[in-house]
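Fold and contact review
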Amino acid sequence: MIIEAREDTITLRGSIKTNIWPAIQAAAALLLEHHPTGIIIDCSAVDKITAKGAETLADAFRYIQERNARIVVAALSPELLEIGKEVPGVRSQVSIAATVDEARASLELEEVTPERGKARLAAVVPMLGEWQSAVDHACRLAIGQSTEIHLVDLIKVPRALPIGTPLPERESAGQQRLETGKALVAAMGFKVFAHVERVRAKSTGLIDFVKQLEADYAVVSIDHVDANTPQIEESDAMSLAEAADFEVSLVKGATTGHEMHARYIIVPAVGSWSHALEHACKLGHKDGAAIKVVSLIVVPRTEAINAPRPDAEAAAADAAKESARIGKQYGAKVEHVVERVRDPIIGFMKMFDAGDIDLAVVGVMRETTGDYHIAHAIAESLLHELPCETVFLRTGE
């Protein structure tokens, strides 16, 4: 057996009949110093491998994993690969690539830790669904603030494969989307970073990435585009919003062309409505949108619809003052109205019958107190019926 170590690759030649990891380990350690994201074991010149010899690959995987890196075995013939799979650690954990070039292209996407710039705030946009719309949302929210935009391609690796397995076609398509996304963000004047994360589930993968990056908020498109564009199921996205401790905007119903052109935005004065109004002001300011904040006064059917409701009327008056303050702060056209309804969800949804509303922003707080259930129910109804583009804004802790 001949062992050669050069750049990011250990090349094996000959027969692997016993566990030769002790002979390889020193070379692997040296390569990792210069290639901390991972290394390649080139088996194109291996003519024989036994089950005992395959333990070399299992030991290599454990060693590399302990150093938070990847190892990819390249060009092992199908016959020898089947022998190697007799070893449990190889079958379930060692990543295989058809060629060294394929392995290297995959490893080049890795980061030891996600790169972050010097901006005060960081926004994350996963390349899912109508991701261009999510990028536009994130950039609009960032206007006037020290914010950098982080685009992340979440590559879902099937559980039947080791997490580090190269997926050349998927990785290449993801890189094309990231390059397009970077150009969109740069054109809007923001610093942009691109990342690739290999995940088992998009929701938990995104949560883990945001935590590593120490980002402030995420904007996620939950639209379905086509079979070639990665997407997140709405149920998975809702689980993401519930589980994340950072701010999440779920965006659905993006208009054709991806860039928002909202003329009329509506915000129900429930839940975290003042924060939702701030979002609406930022999202609609560029297009000169008119924004309406709606206070819902619920009157039981046993009473006349105009029956006095002192507490609700006082809350509506306070909401009117706060709406005016926020509108003035952002230079936006904000109107406050009161709607007396029998049912807050049905009453609010009827406001879309005229068909003139372009965007709805609903703020749902984390505390399940007060009118939380109303805000959550309105958001779910909007996402389900989708009378216009909708933002489900889940506030952070």
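So, how was this worked out
- Residues numbered from 1 in each chain as written.
- Predicted model: local features only at pLDDT ≥ 70, side-chain atom pairs only at ≥ 80, totals over all residues.
- Heavy atoms only, no water.
- Helix = DSSP H or I, 4+ residues; strand = E, 2+ residues; numbered from the N terminus.
- Buried < 20%, exposed > 50% of the residue type's maximum accessible area, 1.4 Å probe, protein only.
- Contact = heavy atoms within 4.5 Å.
- Areas by Shrake-Rupley, 256 points an atom, 1.4 Å probe, with all protein chains shown as cover.
- Lys, Arg positive; Asp, Glu negative; His and termini not counted.
- Charge placed at Lys NZ, Arg CZ, Asp CG, Glu CD.
- Axes fitted to C-alpha atoms, helices over the stretch in contact; angles between N-to-C directions.
- Parallel < 35°, antiparallel > 145°, perpendicular 65-115°, else oblique.
- Left-handed = near helix turned anticlockwise from the far one by under 90°.
- Pairing = 2+ DSSP bridges.
- Right-handed = clockwise from strand over helix to strand, strands pointing away.
- Salt bridge = Lys/Arg side-chain N within 4 Å of Asp/Glu carboxyl O.
- Arc of directions from axis to C-beta.

The helix and strand inventory of the protein stands at 13 helices and 15 strands. The principal-axis extent of the C-alpha atoms belonging to the protein is close to 90 × 45 × 35 Å. Taken across its 397 residues, the protein has 53% of its residues classed as buried. Residue pairs in contact within the protein that sit at least 24 positions apart in sequence constitute 80% of those at least 6 positions apart. When the accessible area of the protein is evaluated, it comes to approximately 17900 Å², of which 50% is carbon and sulfur surface. Taking the 41 positively charged and 57 negatively charged side chains of the protein as two groups, their mean positions are separated by 1 Å.

Quick look at the packing of helix α9 (residues 234-243) against helix α13 (residues 372-385) now. Close contact between α9 and α13 brings their axes to 13 Å; oriented N to C, the two are set at 155°. In terms of axis orientation, α9 runs roughly antiparallel to α13. Here the hand of the crossing between α9 and α13 comes out right-handed. Along the contact surface, α9 presents E234, M238 and E242, while α13 presents Y372, H376, E380 and L383.

With seven of eight residues buried, strand β8 (residues 192-199) is to be regarded as a mostly interior element. Two elements, strand β7 (residues 147-156) and β8, share eight bridges in a ladder whose sense is parallel. The residue of β8 that forms the bridge with V152 is H195. For the crossover from β7 across helix α7 (residues 168-187) to β8, the handedness is right-handed.

What follows deals with the pattern of salt bridges. Taken as a whole, this structure holds 20 salt bridges when the rule is applied. Between D358 and R263 there is a salt bridge, with the nearest N and O atoms lying 3.2 Å from each other. Of this pair, D358 sits in the loop between α12 (344-349) and β14 (359-364) while R263 sits in the loop between β10 (247-252) and β11 (264-268), placing them 95 residues apart in sequence. Taking relative accessible area as the criterion, D358 reaches 18% and is therefore assigned buried. Among the residues examined, R263 registers a relative accessible area of 59% and is labelled exposed.

Taken together, the five strands give an open sheet; going across it, the order is β1-β2-β3-β4-β5, and neighbouring strands pair in mixed fashion. The open sheet is flanked by β1 (2-6) and β5 (95-97), the only strands paired with a single partner. Neighbour-to-neighbour, the strand axes of the sheet open up by a mean angle of 25°, direction not taken into account. As judged from the five bridges shared by β1 and strand β2 (residues 9-16), these two strands associate in the antiparallel manner. Along β2, the bridge assignment pairs I3 with L12. Contacting β2, β3 (38-49) and β4 (70-74), helix α2 (residues 51-66) runs over the sheet at an angle of about 180° to β3. Set on the sheet, helix α5 (residues 100-107) makes contact with β2, β3, β4 and β5; between it and β3 the angle comes to about 160°.

Another aspect to go through is α5. Where α5 is concerned, the buried positions are V100, A103, S106 and L107. Taken down its axis, α5 places every buried residue within 130° of arc, on the same side.

Next up on the list: the sheet that holds β7. Strand order in this open sheet of ten strands is β8-β7-β6-β9-β10-β15-β14-β11-β12-β13, and the pairing throughout is mixed. Only two strands of the sheet have a single neighbouring strand rather than two, namely β8 and β13 (333-341). Mean inter-strand twist for the sheet, computed between neighbouring axes without regard to direction, equals 20°. Bridge count between strand β12 (residues 290-298) and β13: nine bridges; the pairing is parallel. Note that in β13 the partner of L296 across the bridge is E339. Across the sheet, α13 lies against β10, β11, β12, β14 and β15 (389-394), angled at about 145° from β14, the strand it touches most.

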